[in-house]
Amino acid sequence: LLTQHRKKGEQIKKGMASGQMSRDEALECTRCRHACHVLLYSETASQLFGRIPIRYIVLMQMRFDGLLGFPGGFVNPLEETLEEGLTRELLEELGVAVPVSKEDHVESCFSPPRSGTYSSSSRLILHFYVKKMEEEQIQEIEKAAASTAADHGLEVLGMVRVPLYTTKSGGGLSCFLSHSFIGVARFQLMNSLLRLHLVSPGDLQEALRSSQRTHA
Ligand code: GTP
Ligand code: MN
Ligand code: MN
Ligand code: MN
Ligand code: MN
Ligand code: MN
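Residues numbered from 1 in each chain as written. Chains lettered and ligands numbered in written order. Predicted model: local features only at pLDDT ≥ 70, side-chain atom pairs only at ≥ 80, totals over all residues. Heavy atoms only, no water.

Visitor: Honestly, the confidence of the model for the protein in this entry has me stumped. Any pointers?
Guide: Close inspection of predicted coordinates is inappropriate for parts of the model with low pLDDT. Residues with a pLDDT of 70 or more make up 86% of the protein, whose mean pLDDT is 89. Ignoring residues within four places in sequence, the model shows residues 1–17, a span with pLDDT below 50, making 28 contacts including any to other chains. (pLDDT = per-residue confidence, 0-100. Contact = heavy atoms within 4.5 Å.)

Visitor: Explanation requested: the site of ligand 1 in the structure shown.
Guide: In the vicinity of ligand 1, 18 residues are found, and the nearest of them are Phe70, Gly72, Phe74, Glu93 and Gln188. In this structure, an oxygen atom belonging to ligand 1 sits 2.9 Å away from a main-chain N or O atom of Phe74. Contributions of two or more residues to the shell around ligand 1 are made by strand E2 (33–43), strand E7 (72–75), helix H2 (82–94), strand E9 (124–132) and helix H5 (185–195). It is E7 that provides the largest number of residues to the shell around ligand 1, a total of three residues. Taken together, the residues of the shell around ligand 1 break down into eight nonpolar, five polar and five charged. (Near = heavy atom within 4 Å. Polar contact = N/O pair within 3.5 Å; in protein donor to acceptor, adjacent residues only side chain to side chain. Helix = DSSP H or I, 4+ residues; strand = E, 2+ residues; numbered from the N terminus. Nonpolar A, V, L, I, M, F, W, Y, C, P; charged D, E, K, R; others polar.)

Visitor: Whenever I open this one, the nonpolar core confuses me. Can you help?
Guide: One broad trend across soluble globular proteins is that nonpolar side chains are buried collectively. Core analysis: the biggest nonpolar cluster contains 23 residues, and Val58 and Leu189 have the highest contact counts within it. At the level of secondary structure, the elements contributing two or more residues to this core comprise E2, strand E5 (56–63), E9, helix H4 (173–177), H5 and helix H6 (201–214). The element that contributes the greatest number of residues to this core is H5, accounting for four residues. For Val58, the residues in contact, after removing those within four places along its chain, are Leu39, Leu40, Tyr41, Val160, Arg161, Val162, Leu164, Leu189 and Leu198. (Core = buried A, V, L, I, M, F, W, Y, C linked by side-chain atoms within 4.5 Å. Buried < 20%, exposed > 50% of the residue type's maximum accessible area, 1.4 Å probe, protein only.)

Put into structure tokens, the structure is as follows:
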């Protein structure tokens, strides 16, 4: 995915084989725009229908453009650190200034170009964070996002939880993955589910296969 928009002659540093770069390398690009998004999650003991364990609450949002994505947005590194900017965006979009730190940073990469609009002066670097919270904090966020958040009903149409299970009829994660996502949010989600061991590789592979087969 991320090799297709790596232009010849572009500096490719060690460890960037997958199109990734470190937080510091990313900040060296002063002509780039930067955006930060975060996956917020918690453990939960609740069960769907009293029998299907939810296991984890993973938050995404329905955006103004009808695409699923993570909370966050554009950050201006000249005026704020990446993490300060992300926290500002979270206050706007969730109604809660969730503190995010450097330690929560997971990966940075170039945004895949939209057809025709790719140019070196408008390159967008996407920074991705993951933060584990308490279930009560996630519930507070969901409440605020649906009421006091400045962007409620505007940039953000609603928070959604990602189903990590598969139902008897094949719904759940596979159906969720068949929806449309902004940028590389779908990959950020799937990579996170694996990295955090929220879903086994086999279950994810099966959900992915079934999402392409059944719901495409
Ligand atoms: P404005 O205030 O209207 O500018 O929006 P924003 O600051 O909230 O920015 P937004 O969240 O839309 O993110 C900026 C850009 O980052 C988007 O145009 C997408 O290209 C990209 N983007 C948005 N959400 C995600 C996401 O969840 N994952 C990834 N990889 N990219 C995203
Ligand atoms: Mn019911
Ligand atoms: Mn946003
Ligand atoms: Mn925003
Ligand atoms: Mn913004
Ligand atoms: Mn905005």
